[in-house]
Amino acid sequence: MKFRTLVVLAFLISSLTSCENTPGIAPVGEMEVLPYYDLKGFVLQEIEKLDSSSQVSKITRINGEEKKSDLTFSKEDWKEELDAFLEADINKPSLVTAFTTEIKGDILIHQAKPEAKTTIKEIQVRIVDDKPVWLRFRGAKESIFYTSYINGGIYMNAFTDKIDHYELESTQKIWFLSPNNMKIQGAVR
């Protein structure tokens, strides 16, 4: 009995990993052609452009209490700081048909369909001369006991072609408790 179980387990493992390096087959969870704007790829690309000499003037406001600081981020710190943008990626196989896409002037808009099961509700990207000028996203998650909203934006500097400033705002409300609001604004120098 043990031998049969080991053979079945070995077969399952080999069949799951056999197409890992096969040309033309995307790894599990990845797609060859992205159906929506590559927000995650854009943010990772921009993080690579920022070096250790880039300082950030950051304002953090939690429930109305404001704190200002000047910081220098490593690339890992940037990934953590901009994690909400990385998490807002809608290029997932489960979301391939979850959004409508339209262009209004120079703004690309991906909007979640009413029946879509996603926390990201909208992504907007303003593109001028084939370069993103700004991008914003809006998300929401609601249940009987919990409500959460998040909005974020990254704005580019046309002269340096790097991130100029960014903002994130999040509000969470748990049933019977006061809402928590957090806003982060960062200006890159």
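Residues numbered from 1 in each chain as written. Predicted model: local features only at pLDDT ≥ 70, side-chain atom pairs only at ≥ 80, totals over all residues. Heavy atoms only, no water.

## Focus: the pairing of strand β3 (residues 99–104)
Bridge count between β3 and strand β4 (residues 107–112): six bridges; the pairing is antiparallel. Within β4, the residue paired with I103 across the bridge is L108. Connecting β3 to the antiparallel partner β4 that follows it, the hairpin turn spans two residues, and G105 within it adopts a positive phi of roughly 65°. (Pairing = 2+ DSSP bridges. Helix = DSSP H or I, 4+ residues; strand = E, 2+ residues; numbered from the N terminus.)

## Description of the side chain of D89
Its location among the elements puts D89 in the loop between α4 (83–87) and β3. The side chain of D89 sits in the buried core without any salt bridge; K40 is the nearest counter-charge, 5.1 Å away. A distance of 3.2 Å separates a polar atom in the side chain of D89 from the backbone nitrogen of N91. Excluding residues that lie within four positions of it along the chain, D89 makes contacts with L39 and K40. (Buried < 20%, exposed > 50% of the residue type's maximum accessible area, 1.4 Å probe, protein only. Lys, Arg positive; Asp, Glu negative; His and termini not counted. Salt bridge = Lys/Arg side-chain N within 4 Å of Asp/Glu carboxyl O. Polar contact = N/O pair within 3.5 Å; in protein donor to acceptor, adjacent residues only side chain to side chain. Contact = heavy atoms within 4.5 Å.)

## Examining the side chain of E81
With respect to the helices, strands and loops of the structure, E81 is situated in helix α3 (residues 75–81). A residue is classified by how much of its surface remains accessible, and E81, at 13% relative accessible area, is buried. Polar side-chain contacts of E81 include one of 2.9 Å to the side chain of K58. Ignoring anything within four residues of it in the chain, the contact list for E81 reads K58, F73, Y166, L168 and I184.

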